[in-house]
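Per-entry structural report
Here is what each chain is made of, one letter per residue.
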Amino acid sequence: MSSSREDIVRTVFGLGPHVRYVAFGHGQDISTAQREDVQAPSGSGSDFYEELLVNPTLLTLARQRGDLDCGGLRHLVIAYGNFTQVVLPLPDGTGHLSVCLERDADTDAVAAQLDEILRSMSGT
């Protein structure tokens, strides 16, 4: 993982104990980090395929729809049974940031924080 990604991961985990997992996806390059004390974690194999296949596909579909006449795409929120996932395209368009949250987290507030983190650390 590059140092800028490591900085982002540290900053995202610093948002609070509601952050369970942080991942970056860029093509075949997937990097993940999980908080140590996560209750009922999903399997690392399924997490890998989520970042490799599911999240990029969902982002592509939603971005294409958003670009038609909705003003683009800011983020996706996926509410699974045990946790919630917030997925954002990276500002430079080269991949995505995926953050898994406890179910009671305020996803809109976290998505706004993630957007700010990405923009401030990428210089955009």
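As a starting point, this report considers the structure included with it. (Residues numbered from 1 in each chain as written. Predicted model: local features only at pLDDT ≥ 70, side-chain atom pairs only at ≥ 80, totals over all residues. Heavy atoms only, no water.)

As for the pairing of strand 4 (residues 84–89)
Applied cut-off: Exposure categories follow from relative accessible area, calculated using a 1.4 Å probe and restricted to protein chains: below 20% of the type maximum is buried, above 50% is exposed, and the middle band is partly exposed. Starting at the N terminus, helices and strands are each numbered in turn, a helix being any DSSP run of H or I of at least four residues and a strand any DSSP run of E of at least two. By definition, two strands form a pair when at least two bridges between them are found by DSSP.
For strand 4, a buried count of 6 out of 6 residues is recorded, marking the element as mostly surrounded by other parts of the structure. Alternating residues of strand 4 divide into Thr84, Val86 and Leu88 and Gln85, Val87 and Pro89, and every residue in both groups is buried. Connecting strand 3 (residues 76–79) to the next strand, strand 4, in antiparallel fashion are 4 residues. Pairing of strand 4 with strand 5 (residues 96–101), which is carried by 6 bridges, proceeds in the antiparallel orientation. From the neighbouring strand, Pro89 faces strand 5, where its bridge partner is His96. Counting the residues that bridge the hairpin from strand 4 to strand 5 gives 6 residues, and of these Gly93 lies at a positive phi of roughly 80 degrees.

Section: the nonpolar core
As a reminder of what qualifies: The set of buried Ala, Val, Leu, Ile, Met, Phe, Trp, Tyr and Cys residues whose side-chain atoms join them within 4.5 Å is what this entry labels a nonpolar core.
The biggest cluster of nonpolar side chains holds 19 residues, and the ones touching the most others in it are Val12, Val22, Leu97, Val99, Leu101 and Leu114. Elements with a minimum of two residues in this core: helix 1 (3–13), strand 1 (19–26), strand 4, strand 5 and helix 3 (107–122).

Here we look at the sheet that holds strand 1
So the rule is basically this: Note on method: axes are straight lines fitted to C-alpha atoms, helices fitted across the in-contact stretch only, with angles between N-to-C directions ranging 0 to 180 degrees. Any two residues whose heavy atoms approach within 4.5 Å are treated as being in contact.
Strand order in the open sheet made by the 5 strands is 2-1-5-4-3, with antiparallel pairing throughout. Two strands bound the open sheet, and with one partner strand each, they are strand 2 (29–34) and strand 3. Direction aside, neighbouring strands of the sheet carry axes that sit 15 degrees apart on average. Running at roughly 60 degrees to strand 4, helix 2 (residues 44–69) makes contact with strand 1, strand 2, strand 3, strand 4 and strand 5 of the sheet. Of the strands in this sheet, strand 3, strand 4 and strand 5 are in contact with helix 3, which crosses strand 4 at around 30 degrees.

Notes on a nonpolar patch on the surface
Note the cut-off: Like charges within 9 Å and nonpolar side chains (Val, Leu, Ile, Met, Phe, Trp, Tyr) within 5 Å are joined into patches, using only residues over 30% in relative accessible area that form no salt bridge. Residue-level accessible areas treat just the shown protein chains as cover; the underlying method is Shrake-Rupley with a 1.4 Å probe. Should a side-chain nitrogen of Lys or Arg be within 4 Å of a carboxyl oxygen of Asp or Glu, the pair is scored as a salt bridge.
Residues Phe48, Tyr49, Leu53, Val54, Leu58, Leu61 and Tyr80 make up a contiguous nonpolar surface patch of about 610 Å² in total accessible area. With respect to the secondary-structure elements, Tyr80 resides in the loop between strand 3 and strand 4.

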